[in-house]
Amino acid sequence: MKRIYITIMILLSCCCFVFAQRDYSMFNAEDYKSDAIGMNDYTYVCDTLLNYGINIYNITNHPGREDIYYKDGSPITQDVDIIDYSYSANLSLHNIIDEGFTQEQVKLIDGKRLIVLIDISSTDGSITDVYFTFFKDTYYAQLPIEVFREMELRFKNEIKFNLTEEGKKMTHYSMAWSQCPKGRVEEIHNNGENDANTD
């Protein structure tokens, strides 16, 4: 029973941090801090919430974006299919996370899950925004920002969803999932060094 309670609390915490990527109004100003990480040609924002969870996202994202609704302003009153979400699309999303980490990084991650939230354009089905969320005391917090940048670029460059006719009428679409990465397949060459499999 105790294990079930702990699991529920962890899931609720994860949901809280995913929703917080959109709206920090549920927190007091002292509950979070925001840092900008400037690289050569891009900048990421690292938000730490309640000194417990971390949200990382590109500064060009649309944080605080409104709920999904019809472009004419009317609310969604029933369940509608917005994208054609196939098994192959699901596999592609998960593969990008799996291949975003080395086997050594996966060992250090030690089974902890990464939460990913993406925004999808209702114009062409492309991914416009990518958010990564994890707990502060996990190895994700020690990874260089380039790890997240590479996954973001792959999501945006490699994935495009087919929109339903109803989906084209929406402002945008968002989806989230959590995943424990498996790590990319690496080859051991004759010199004994590990290289990522680029086939």
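The coordinates are above.
In this text the structure is predicted, and so the values were computed from the model without any measurement. (Residues numbered from 1 in each chain as written. Predicted model: local features only at pLDDT ≥ 70, side-chain atom pairs only at ≥ 80, totals over all residues. Heavy atoms only, no water.)

**Q** What is the right way to read unusual backbone geometry from this model?
**A** If a residue is not glycine, its phi is most likely negative; likewise, a peptide bond is most likely trans. Positive phi, close to 55°, is recorded for L50, a residue that is not glycine. Along the chain, L50 turns up in the loop between β2 (43–49) and β3 (53–58). Positive phi outside glycine occurs at N51, with the angle close to 55°. Structurally, the position occupied by N51 is in the loop between β2 and β3. (Helix = DSSP H or I, 4+ residues; strand = E, 2+ residues; numbered from the N terminus.)

**Q** Please clarify how the pairing of strand β6 (residues 127–135) should be interpreted in this entry.
**A** The buried count for β6 comes to eight of nine residues, which makes it a mostly enclosed element. Where β3 and β6 come together, five bridges link them in antiparallel fashion. Paired with G53 across the two strands is F135, which belongs to β6. Where strand β5 (residues 114–121) and β6 come together, six bridges link them in antiparallel fashion. Bridge pairing in β6 places I115 opposite T133. Between the antiparallel neighbours β5 and β6 lie five residues, among them G125 with a positive phi of about 80°. (Buried < 20%, exposed > 50% of the residue type's maximum accessible area, 1.4 Å probe, protein only. Pairing = 2+ DSSP bridges.)

**Q** I keep staring at helix α2 (residues 87–98) and nothing clicks. Help me out?
**A** In an α-helix, one turn spans 3.6 residues, which is why side chains three or four residues apart end up on the same side. For α2, which comprises 12 residues, the first-to-last C-alpha distance of 16 Å matches the rise-based estimate of 16 Å (1.5 Å per residue) to within 8%. Of the residues making up α2, those classed as buried are A89, L93, I96, I97 and D98. Buried positions along α2 lie against β5, β6, α4 (145–158) and β8 (172–179). (Expected span 1.5 Å × (residues − 1). Contact = heavy atoms within 4.5 Å.)

**Q** What should I look at first to understand the sheet that holds β2 in this one?
**A** The six strands are arranged β1-β2-β3-β6-β5-β8 in an open sheet whose pairing can be described as antiparallel. The two strands at the open ends of the sheet, each matched to only one other strand, are β1 (32–38) and β8. Strand after strand, the sheet turns through a mean of 20° between neighbouring axes, direction not considered. On top of the sheet, α2 reaches β5, β6 and β8; it is set at about 55° to β8, its chief contact. Relative to β6, α4 is tilted by about 145°, and along the sheet it contacts β1, β2, β3, β5, β6 and β8. (Axes fitted to C-alpha atoms, helices over the stretch in contact; angles between N-to-C directions.)

**Q** What is the right way to look at α4 in this model?
**A** The end-to-end C-alpha distance of α4 is 20 Å, a good match for the 20 Å that 14 residues give at a rise of 1.5 Å each. Of the residues making up α4, those classed as buried are I145, V147, F148, R149, M151, E152, R154 and F155.

**Q** Got a minute to help me understand the nonpolar core in this structure?
**A** Within soluble globular proteins, side chains that are nonpolar tend to cluster in buried spots. In this structure, F101, L114, I118, F148, M151, F155 and F161 are the most contacted members of the largest nonpolar core, which totals 37 residues. Within the residue set of this core, elements represented by two or more residues are β2, β3, α2, α3 (103–109), β5, β6, α4 and β8. Considering every element that reaches this core, the biggest residue donor is α4, with five residues. Beyond its immediate chain neighbours, meaning those up to four positions away, F161 contacts I83, D84, Y85, A89, L93, I118, I120, D124, G125, I127 and M175. (Core = buried A, V, L, I, M, F, W, Y, C linked by side-chain atoms within 4.5 Å.)

**Q** Help me understand the pattern of salt bridges, please; the structure alone is not making it clear to me.
**A** A side chain of one charge can pair with a side chain of the opposite charge if their charged atoms are brought near each other. Tallying each qualifying case throughout the model produces seven salt bridges. The closest approach of N and O atoms between K168 and E165, which form a salt bridge, is 3.1 Å. Residues E166 and K169 are paired through a salt bridge, measuring 3.6 Å at the closest nitrogen-oxygen approach. Put simply, E99, R154 and E158 are held in one network by salt bridges that share partners. (Salt bridge = Lys/Arg side-chain N within 4 Å of Asp/Glu carboxyl O.)

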